[in-house]
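Each chain is listed here by its residues.
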Amino acid sequence: MTVRIMVVDDHPMWREGVARDLTEAGHVVVATSGEGRQAVRVAAATRPDVVVLDLQLPDVSGVEVIRGLRAVLPEVRVLMLSASGEQQSVLDAVKAGATGYLVKSAAPTEFLEAVRRTAAGEPVFTPGLAGLVLGEYRRLAAAPGDAGTAGREPSGVGPAPRLTDRETEVLRLVAKGLSYKQIAERLGLSHRTVQNHVQNTLGKLQLHNRVELARYAIERGLDD
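Student: Teacher, can you tell me more about the environment of Arg-186 here?
Tutor: Mapping Arg-186 onto the fold places it in helix H8 (residues 180–187). Put simply, Arg-186 and Val-170 are 16 residues apart on the chain and 9.8 Å apart in space, counted from C-alpha to C-alpha. Filtering out sequence-adjacent residues up to four positions away, Arg-186 remains in contact with Leu-173 and Leu-178.

In structure tokens:
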């Protein structure tokens, strides 16, 4: 699977090293940048599938860059690659629209696998962070007066889109935090079939990624 990637990091040696590893793995690095505002402009022109983004940049924060990227390229996947594993940094990035979050101490093989999974729309997190993110979405779903995920109606407002039995079954397993591979094994389906069900469900619910999908399911008690 060849992925078009943009690398954004203000350390030239690190940026070039990541770009080299990606190229050697068979991906296409369409652009690199060391500044956030520039990255948004360049991404709009080069249209990468995935942006590998550092959290700390000299001009604006990585969270602001995510928002800018999602404004010009709503379908772009963002993999945060940061030295910080602090809980608030992770939650801020995910709430802004990041698909995954990996610390820079990850092994090269782990990083390349994270890029592949990010391109497929799977949430990828450094071990220990997935539970944190899911827990935060459970907390937000239970909070009174929560307006729900941006881009759709609050819980209980208007009829819910009709999902097939299989889509609902897959959605329930997404809410439990299972990966595509685990869902496929549980239901006896192919990885591609599970991915198609998730993409169809995202479209019906007008959501952008699996993190938002998990929150939707949790709000409706599908993670029980």
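Student: Quick question: what am I supposed to make of the nonpolar core here?
Tutor: In a soluble, globular protein the nonpolar side chains are often hidden away together inside. One finds Leu-53, Ile-66, Leu-69 and Met-80 to be the most contacted residues of the largest nonpolar core, which totals 26 residues. Secondary-structure elements contributing two or more residues to this core are strand S1 (4–8), helix H2 (36–46), strand S3 (50–53), helix H3 (62–72), strand S4 (77–82) and helix H4 (87–96). Each residue touching Leu-53, except ones within four places of it in the same chain, is listed here: Val-8, Gly-62, Val-65, Ile-66, Val-78, Leu-79, Met-80 and Leu-81.

Student: Can you walk me through the packing of helix H7 (residues 165–175) against helix H9 (residues 191–205) in this structure?
Tutor: Two packed helices can be described by the angle between their axes and the distance between those axes. Where H7 meets H9, the axes come as close as 10 Å, and the angle between the chain directions of the two elements is 95°. It follows that H7 is roughly perpendicular to H9 by the angle criterion. Counting all contacts with H7, which are made through Arg-166, Glu-167, Val-170 and Val-174, the residues of H9 involved are Val-194, His-197, Val-198, Asn-200, Thr-201 and Lys-204.

Student: What is the right way to read the sheet that holds strand S6 (residues 124–125) from this model?
Tutor: Remark on secondary structure: sheet strands pair via backbone hydrogen bonds, oriented parallel or antiparallel. Ordered by their spatial adjacency, six strands build an open sheet running S2-S1-S3-S4-S5-S6, and the pairing between neighbours is parallel. Because the sheet does not close on itself, it has two edges, and the strands there are strand S2 (28–33) and S6. Sheet analysis places S1 next to S2, joined by five bridges and oriented parallel. The residue bridging Val-8 from the neighbouring strand is Ser-33, located in S2.

Student: It is not clear to me how the packing of H8 against H9 should be interpreted in this structure. Could you clarify?
Tutor: Contact geometry of H8 with H9 gives a least axis separation of 8 Å together with a crossing angle of 110°. With respect to H9, the axis of H8 lies roughly perpendicular. Here Tyr-180, Lys-181, Ile-183 and Ala-184 of H8 lie close against H9, whose contacting residues are His-191, Val-194, Gln-195, Val-198 and Gln-199. By residue class, the composition of the contact of H8 with H9 is five nonpolar, three polar and one charged.

Cut-off values and rules
- Residues numbered from 1 in each chain as written.
- Predicted model: local features only at pLDDT ≥ 70, side-chain atom pairs only at ≥ 80, totals over all residues.
- Heavy atoms only, no water.
- Helix = DSSP H or I, 4+ residues; strand = E, 2+ residues; numbered from the N terminus.
- Contact = heavy atoms within 4.5 Å.
- Core = buried A, V, L, I, M, F, W, Y, C linked by side-chain atoms within 4.5 Å.
- Buried < 20%, exposed > 50% of the residue type's maximum accessible area, 1.4 Å probe, protein only.
- Axes fitted to C-alpha atoms, helices over the stretch in contact; angles between N-to-C directions.
- Parallel < 35°, antiparallel > 145°, perpendicular 65-115°, else oblique.
- Pairing = 2+ DSSP bridges.
- Nonpolar A, V, L, I, M, F, W, Y, C, P; charged D, E, K, R; others polar.

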